Every structure is written in C-alpha cells, then in structure tokens.
Amino acid sequence: MRLLLIGPPGSGKGTQAGIISKKLHVPHISSGDMLRETISKGNSLGKEAEHYMSQGALVPDKLVIKIIMERLAEPDAKAGFLLDGFPRTVPQAEALDNELHKCHHNIDAVVKIEVPDGNIIERISGRRVDPETKKIYHVKFNPPPKEIADRVIQRGDDNEETLRNRLEKYHSDTAPLIDYYEERGLLTRVAGIGKVEEVTQRIIDATKIKDRL
Ligand code: AMP
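### With respect to the packing of aromatic side chains
Between two aromatic rings, the relevant description is the distance of the centres plus the angle of the planes. Tallied over the full model, the rule gives one aromatic pair. Consider the rings of Tyr180 and Tyr181, whose centres lie 5.1 Å apart with planes at 90°: the pair is edge-to-face. Look at Tyr181 and you get buried, because its relative accessible area is 0%. Geometry around Tyr180 places Arg184 over its ring, the cationic atom sitting 3.6 Å from the centre.

### Observations concerning the nonpolar core
Counting residues in each nonpolar core, the largest one holds 32 residues, and the members touching the most others are Leu96 and Tyr181. Going through the elements one at a time, β1 (2-6), α2 (31-41), α3 (44-53), α4 (61-72), β3 (81-84), α5 (90-102) and α7 (160-183) are the ones with two or more residues in this core. The leading source of residues in this core is α4, at seven residues. Among all residues touching Tyr181, those that are not within four sequence positions of it are Leu4, Ile6, Pro87, Ala93, Leu96, Ile107, Val110, Leu186 and Leu187. Met1, Val111, Val190 and Ile209 belong to the second-largest nonpolar core, a separate cluster that totals 16 residues.

### A few points about the site of the ligand
If you check the shell around the ligand, you find 16 residues, and the closest are Ser31, Ala57, Gly85, Arg88 and Gln92. Within the side chain of Arg155, one N or O atom sits 3.2 Å away from an oxygen atom of the ligand. For the ligand, whose free accessible area comes to 490 Å², the fraction covered by protein is 96%. Sorting elements by how many residues they give to the shell around the ligand places α2 first, with four residues. Residue composition of the shell around the ligand, by class: seven nonpolar, four polar and five charged.

### Things to note about the side chain of Thr38
Along the chain, Thr38 falls in helix α2. Looking at Thr38, the relative accessible area reads 8%, which means it is buried. Once residues within four sequence positions are removed from consideration, Thr38 is found in contact with Asn43, Leu45, Gly46 and Ile67.

### Describing the packing of α4 against α5
Contact geometry for α4 and α5: axes closest at 10 Å, N-to-C directions at 30°. Classed by the angle they form, the pair α4 and α5 counts as roughly parallel. Crossing geometry of α4 relative to α5 is assigned as right-handed. Side by side, α4 and α5 meet where Asp61, Val64, Ile65, Met69 and Leu72 of the first sit next to Pro91, Gln92, Ala95, Leu96 and Glu99 of the second. Of the residues contributing to the contact of α4 with α5, the split by class is seven nonpolar, one polar and two charged.

### A look at α4
The first and last C-alpha atoms of α4 sit 16 Å apart over twelve residues, in line with the 16 Å expected at 1.5 Å per residue. All of the buried residues along α4 are Leu63, Val64, Ile65, Ile67, Ile68, Met69, Arg71 and Leu72.

### Some words on the pairing of strand β4 (residues 109-114)
Most of β4 is tucked away, with five of its six residues classed as buried. With four bridges connecting them, β1 and β4 associate as parallel partners. When the bridges of β4 are listed, Leu5 appears paired with Val111. Judged from the five bridges that link them, β4 and strand β7 (residues 187-191) form a sheet pairing that is parallel. Within β7, the position partnered with Glu114 by the bridge is Ala191.

### Some words on the confidence of the model for the protein
Of all residues in the protein, 100% attain a pLDDT of 70 or more, and the chain-wide mean is 92. The spread of mean pLDDT over the elements of the protein runs between helix α6 (residues 117-125), the lowest at 88, and strand β2 (residues 28-30), the highest at 97.

Criteria and cut-off values
Residues numbered from 1 in each chain as written. Predicted model: local features only at pLDDT ≥ 70, side-chain atom pairs only at ≥ 80, totals over all residues. Heavy atoms only, no water. Phe/Tyr/Trp six-rings, centres within 6.5 Å; stacked < 30°, edge-to-face > 60°. Buried < 20%, exposed > 50% of the residue type's maximum accessible area, 1.4 Å probe, protein only. Lys NZ or Arg CZ within 6 Å of the ring centre and 35° of its normal. Core = buried A, V, L, I, M, F, W, Y, C linked by side-chain atoms within 4.5 Å. Helix = DSSP H or I, 4+ residues; strand = E, 2+ residues; numbered from the N terminus. Contact = heavy atoms within 4.5 Å. Near = heavy atom within 4 Å. Polar contact = N/O pair within 3.5 Å; in protein donor to acceptor, adjacent residues only side chain to side chain. Areas by Shrake-Rupley, 256 points an atom, 1.4 Å probe, with all protein chains shown as cover. Nonpolar A, V, L, I, M, F, W, Y, C, P; charged D, E, K, R; others polar. Axes fitted to C-alpha atoms, helices over the stretch in contact; angles between N-to-C directions. Parallel < 35°, antiparallel > 145°, perpendicular 65-115°, else oblique. Left-handed = near helix turned anticlockwise from the far one by under 90°. Expected span 1.5 Å × (residues − 1). Pairing = 2+ DSSP bridges. pLDDT = per-residue confidence, 0-100.

And the structure:
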C-alpha cells in the first residue's frame, strides 16, 4: 500500500505513521527525519537543509525530492510505503506521481490529519523525541518511560517563533496540495484530536487499510 500523511506540525503525523507502517509492514519514510539525518552528516547538502529548517522554512523542492526519490528506489519501498511529511508542495507531489507512474504504481490514499492551530502550540512545546528510536513523546499527554526520560530531546525547531513560521508555511504551501489530491479523489480528512489510538482508528476507518491488515 502507498499511503501519504499530510498535516500541520504537531498533528501527530510521525506518531501515526510509525503505528500504521508497522501494521501494514511498509517502511515509514519521514522527510523531516531524513533531512535531520542529512544534517547530522555535516556535508554541504546537510548545511543547506539546516539553513532552511532552523528558520521553519521549507527546504527547496529540488533537495527534498532528490532525498526522497533515492529512498523510494530502495528495495524495501518497492511494495509500498508510508510517506510522512512529503510531499508538502505541488511540485513535490508531481515529482512523486511521475516517479510512481514510471513503475505503473499509484498512491492508494492521502490522509490529511486536521488539528486546530490553537492545539498545536501546546503539542509542540511539550514534544520530546528519543534520538535512538526516533519515537515521539509528550511531557503531558504521552510521557517517555522512566528508563529513557534522561535521553529524550526537544527538536531545535520546536520553539514558538519557528513554529509560527512552520504553521504559516503549512497553510500557504500545503493548501494547494490538498486541492491537488482532492481533485484526484485521493484525499481523506481525519480529526487529529483525541487519544493516539482514536486517531489511528479513524485513519484505518477512513482508508482501505483495514483490508490490508
Ligand atoms: P517535520 O519533521 O515533518 O516537522 O519537518 C521538519 C522540517 O523539515 C520542516 O519544517 C521543513 O523545514 C523540513 N521539511 C520536511 N519535509 C519537507 C518537505 N517535504 N519539503 C520541504 N521541507 C521539508
């Protein structure tokens, strides 16, 4: 199955993608995680990505498309994948379509996780990530277990000013993407508020995932 998750920062995309990709036995491909990995390598590509990410701006399409297309060409992504955070712009969606069409593949569903901007600040300010497993926690809603509580970190771009830019970017650049997938009959909207398990169930109910479990 080829599934895309779209949603504002803090909508729970990463958490839901982790759960659902395991259920579907497909790789969870997060553009944000891949970019952070590129940054950690310290090469020129990473330096360029960091310049944009630290301000909450989108990384240029060309760079993100290159990273994601290389990842999709790996053997484990051939039979399906769950993309989290990519595409974020119409040119990225077009690049993905072109690549899939070359292999006569299609996207099965695009899930838009909806969370009001008001809830996002609270979610993001309490978000913590385990650098080893990449698992996402929240100091209040989903605290990390004691044994890893000392190693969880807060992402550098999870601060209020950067978040405001990321939300603005989400609304301006991602809105045309919503129309793009709606026109193709692929878009499903899911409420992202409530418990993690409730949102997972909504995603399963709204897509054909249950036929593949
Ligand atoms: P995320 O982990 O999905 O919240 O992404 C963190 C940051 O990575 C974003 O604020 C962007 O700067 C960058 N980023 C992630 N995915 C993309 C994408 N598809 N296009 C452009 N920039 C991206």
